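Take a look at the letters that make up each chain.
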Amino acid sequence: MDALTQPIRSVKGVGAKTEQLFQKTGVYTTGDILFRFPREYTKYPKAVEIPEALVDTNKKQAVLLRVESPATVKNGKKMPVTVITGKRAGVAMEFVWFRMPYVKSTLKNGETFILYGAVQTKGARRFMEQPVIYAPEKYAQIEGTLQPVYGLTAGLSNHIYKKTLRQALLQDLQLKECFAKDLLEKYGLMGYEQALYQIHFPESMKTLLEARRRFVFEEFFFFLLAMQKSKTQNLKKKNEFAFQPPDVLIDPLLKKLPFQLTDPQLRALNDIQNDMHGPYVMQRLLQGDVGSGKTILAFLAMYVAAASGYQSAIMAPTEVLARQHYETYCEYCKLFGIKAHIILLTGSMTARQKRSAYESMQLFKDAMVIGTHALIQERAVYENLSLVVTDEQHRFGVRQRETLADKGIDPHVLVMSATPIPRTLAVILYGDLDISVIDKLPATRLPIKNCVVGIGYREKSYEFIKKQALAGHQAYVICPLVEPSEAVEGENVIEYEQKLRQALPKEVTTGILHGKMRPEQKTQVMEAFAANEIHVLVSTTVVEVGVNVPNATVMMIEDAQRFGLAQLHQLRGRVGRGDAQSYCIFINTSDAPGAGERLAVLNKTNDGFYIASEDLKMRGPGDFFGIRQSGDMQFQLADIYQDAEVLQLASVEAKRYSDRLSFSENEPLRQRLEQYLGGRDKISI
């Protein structure tokens with residue numbers, strides 16, 4: 001067993017309880033903690049006197065407190081509350097801690113402390129809640145430095161995480177460089193061991209950016225190696241399926257549609273028809289914004305397969321989306337007067353329901369099968385599978401797409417993505433696929449009305465949401481965090497939902513949704529929202545790929561400046577899907593001069609490609625952290641927009657290595673590839 005595969009408990013200071021907490025975050029081994037990079041970095045500011053502290057900015061500050069009178073502990077009905085008041089130049093500020101009575105003994109009379117937190121006001125009262133307490137000499141050690149912030153769980157503090165990580169780095173890790181020296185020099189890449197330390201504990205912004213660039217190159221490189229292998233395996237294969245002429249089948253259906261397909265939809269449909277009736281099996285990417293009408297094209301392609309006596313399957317990333325596709329396909333069949341066998345297969349179905357689905361898949365050789373990852377399980381056996389579709393392609397790995405295709409004998413493959421990737425980058429990322437783009441929304445869609453506002457607009461926003469809910473509509477509220485964090489600034493879902501519940505009348509129901517919930521919980525919440533049982537859903541970005549709720553008319557995004565513009569555009573696409581006018585409210589909580597300018601781009605256009613390109617032009621080096629553009633795409637650090645140049649360099653090297661290199665000759669490279677793909681997207685090399 002090498003150092004990287006040692007259990008996390010082998011690291012000094014980690015006991016059984018701490019080990020369990022680490023495991024909740026996905027850290028089981030030394031390697032896990034080393035390659036689980038910070039989610040962002042905090043730069044601790046210079047401490048200021050009480051009168052100099054800025055109020056209501058949501059930005060955490062360091063404030064000097066000279067203890068001149070002891071703290072008091074009030075035993076309230078729900079919890080003990082510790083309060084101490086500081087005063088300087090006639091300006092007073094309260095510092096408040098909940099459920100922390102022991103703080104009183106820390107704040108000794110006559111001593112000076114630095115308290116770190118967000119300063120708020122209520123009337124004439126100026127206060128800071130739950131501030132972190134530092135002795136001046138301790139704070140001096142971190143002032144001006146970049147301190148890493150990690151994804152945590154209840155009971156595991158950022159301090160404990162960093163302490164454990166430092167201990168792990170002190171071990172004899174026997175790290176081996178996987179890239180040749182000339183490649184590192186050619187692209188100016190930092191060495192492996194140095195980059196690993198600097199990504200966690202950077203000496204400066206310069207070394208942090210260099211370390212990040214090294215690992216971004218790695219992520220792209222290994223992803224593209226897997227893609228090169230996929231491309232080699234999926235060279236043009238002969239079309240063995242005798243489909244009926246697609247236009248003969250589809251043209252009568254288009255006349256029954258209550259709307260007209262857009263020109264880009266018709267062009268994409270023509271591409272798909274030509275592929276299915278051509279000499280080779282289809283390998284096509286269908287790219288289009290949220291709401292651009294990809295689902296109807298997938299249905300029509302699957303109908304051609306069914307009408308020709310063949311099976312087809314579509315795999316969605318969530319159960320909620322799979323169920324919605326099922327309902328939509330049933331509605332289309334009713335609209336078109338089609339008798340088709342539509343089968344739903346998801347992980348949460350009962351054993352009896354799954355058994356029935358498996359039997360139907362064997363019985364109906366022309367079935368349209370709809371589901372989640374359950375479609376690629378061993379027990380899912382197909383008959384005559386001629387077409388496979390993956391929805392929201394960036395949520396699936398290379399192997400998952402291939403595994404579904406392997407359920408048939410050289411079936412046609414259609415992958416769909418709502419991520420607006422420029423064609424030059426799409427050719428690299430989906431090099432084994434032809435590309436069709438739907439770059440226009442249906443004419444029936446009303447343009448979403450947008451506004452970018454500061455925190456002073458919150459009360460008006462709540463009032464607006466209330467009016468929309470009482471009128472029968474629904475709203476999303478997006479927060480960047482799941483729960484409160486000592487190290488990360490920003491609104492969190494748990495506390496925000498409580499605050500919103502108090503601000504709205506009782507007849508307006510609220511709910512929460514976030515990635516830490518169990519899959520069945522998330523499904524229940526989204527189904528309740530889709531059924532209008534929840535009027536206002538407070539969520540993280542997990543709704544970015546979600547259920548279609550035409551009744552939702554308001555999208556309010558807190559701390560909007562923390563997100564990439566392409567991701568904000570994706571979130572905005574959750575509303576505006578019905579006949580009613582929809583609205584998007586971007587709350588900018590930053591006082592940085594460029595934040596408002598970036599967000600203003602969203603007011604100008606609904607073109608996702610334009611939004612992504614404009615965001616790139618406005619970025620500075622500090623924006624590389626904490627702002628994500630491209631959804632999952634399997635990358636921990638890399639972002640296809642902001643790292644487009646590195647992506648192109650990595651693609652050149654990945655092709656060169658794939659063509660010429662034997663992995664048996666470079667064991668470190670093989671190990672690093674397995675590290676990246678292990679637990680995510682394993683391939684054999």
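Because the structure is a prediction, the values reported are computed rather than measured.

## A look at the packing of aromatic side chains
Under the criterion given, the structure shown has 27 aromatic pairs. Arranged with centres 5.6 Å apart and planes meeting at 35 degrees, the rings of Y187 and F217 form a pair that is tilted. Taken as a pair, Y187 in helix α6 (residues 181-187) and F217 in helix α8 (residues 205-233) lie far apart in primary sequence, 30 residues in all. Here Y187 and F217 have matching classes, each one buried. For the pair F221 and F222, a centre-to-centre distance of 5.3 Å together with 75 degrees between the ring planes defines the contact as edge-to-face. The exposure class assigned to F221 is buried, which follows from its relative accessible area of 0%. One aromatic cluster is present, built from ring pairs that chain together F179, Y187, F217, F221, F222 and Y657. One residue, R125, lies across the ring of F127, its end atom 4.1 Å from the ring centre.

## Some words on the confidence of the model for the protein
Taken over all residues, the pLDDT of the protein has a mean of 87, while the share at 70 or more is 90%. Note that pLDDT drops below 50 for residues 679-685; the model gives that stretch 17 contacts with residues more than four away or on any other chain.

## Details of the sheet that holds strand β21 (residues 552-557)
What the six strands build is an open sheet, ordered β17-β22-β21-β18-β20-β19; its pairing is parallel. Across the chains shown, the open sheet's two edge strands, defined by having one partner strand only, are β17 (449-453) and β19 (510-513). Averaged over all pairs of adjacent strands, the angle between strand axes in this sheet comes to 15 degrees, irrespective of strand direction. When β21 meets strand β22 (residues 583-587), the two strands line up parallel, connected through four bridges. The partner of M556 across the bridge, within β22, is I585. Strands β18 (474-478), β20 (536-539), β21 and β22 of the sheet are contacted by helix α16 (residues 458-470), whose axis makes an angle of about 160 degrees with β21. Against the sheet, helix α18 (residues 519-530) touches β18, β19, β20 and β21, its axis set at about 140 degrees to β19.

## Observations regarding the packing of helix α10 (residues 263-276) against helix α11 (residues 294-307)
Relative to each other, α10 and α11 sit at 25 degrees, their axes nearing to 10 Å. Our classification of the angle between α10 and α11 gives roughly parallel. The hand of the α10/α11 crossing is right-handed. When α10 is examined against α11, the residues Q265, A268, L269, I272 and M276 are found in contact with a partner set consisting of I296, L297, L300, A301, V304 and A305.

## Describing helix α9 (residues 246-256)
Within the sequence span of α9, burial applies to P246, L249, I250 and L253. Along the axis of α9, the buried positions cluster into a sector of 85 degrees, meaning they face one direction only. Of the exposed residues in α9, the ones pointing more than 90 degrees away from its buried face are V248 and K255. The elements touched by buried residues of α9 are α10, α11 and α12 (319-336).

## A few points about the pairing of β20
Where burial is concerned, the two faces of β20 agree: the one with V536 and V538 and the one with L537 and S539 are both buried. Bridge count between β18 and β20: four bridges; the pairing is parallel. The residue bridging I478 from the neighbouring strand is S539, located in β20. Here β19 runs beside β20; their pairing, made up of four bridges, is parallel. Across the sheet, residue T510 finds its bridge partner in β20, namely V536. On the question of chirality, the crossover connecting β19 to the parallel β20 by way of α18 is right-handed.

## Describing the side chain of H412
If you trace the backbone, H412 turns up in strand β15 (residues 412-417). Take H412: its relative accessible area is 0%, and that puts it in the buried class. A polar side-chain atom of H412 sits 3.1 Å from a polar atom in the side chain of N239. Sequence-distant contacts of H412, defined by excluding residues within four places in its chain, comprise N239, F241, F243, D275, M276, Y280, V281, M282, S386, L387 and V388.

## Focus: the packing of α9 against α10
It is at 11 Å that the axes of α9 and α10 come closest, and there the two elements cross at 150 degrees. Considering the angle they form, α9 stands roughly antiparallel to α10. Both α9 and α10 take part in a crossing whose hand is right-handed. The segment α9 lies against α10, with P246, D247, I250 and L254 engaging L266, L269 and Q273. Grouping the amino acids of the contact of α9 with α10 by side-chain chemistry returns five nonpolar, one polar and one charged.

## Brief notes about the nonpolar core
Counting 133 residues, the largest nonpolar core has L34, F221 and F299 as the members making the most contacts within it. Non-local contacts of L34, meaning those with residues more than four positions away in its chain, are made with L4, L165, A168, L169, L173, L196 and H200. Counting 30 residues, the second largest nonpolar core, distinct from the first, contains V543, M555, L568 and L571.

## A few points about unusual backbone geometry
In the Ramachandran plot, Q130 falls in the positive-phi region, its phi being about 50 degrees despite a non-glycine side chain. Structurally, Q130 can be placed in the loop between β7 (125-129) and β8 (132-134). Residue N384 is not a glycine yet carries a positive backbone phi of 60 degrees. When you line up the elements, N384 lands in the loop between β13 (368-371) and β14 (385-390).

Definitions and limits used
Residues numbered from 1 in each chain as written. Predicted model: local features only at pLDDT ≥ 70, side-chain atom pairs only at ≥ 80, totals over all residues. Heavy atoms only, no water. Phe/Tyr/Trp six-rings, centres within 6.5 Å; stacked < 30°, edge-to-face > 60°. Helix = DSSP H or I, 4+ residues; strand = E, 2+ residues; numbered from the N terminus. Buried < 20%, exposed > 50% of the residue type's maximum accessible area, 1.4 Å probe, protein only. Lys NZ or Arg CZ within 6 Å of the ring centre and 35° of its normal. pLDDT = per-residue confidence, 0-100. Contact = heavy atoms within 4.5 Å. Pairing = 2+ DSSP bridges. Axes fitted to C-alpha atoms, helices over the stretch in contact; angles between N-to-C directions. Parallel < 35°, antiparallel > 145°, perpendicular 65-115°, else oblique. Left-handed = near helix turned anticlockwise from the far one by under 90°. Arc of directions from axis to C-beta. Right-handed = clockwise from strand over helix to strand, strands pointing away. Polar contact = N/O pair within 3.5 Å; in protein donor to acceptor, adjacent residues only side chain to side chain. Nonpolar A, V, L, I, M, F, W, Y, C, P; charged D, E, K, R; others polar. Core = buried A, V, L, I, M, F, W, Y, C linked by side-chain atoms within 4.5 Å.

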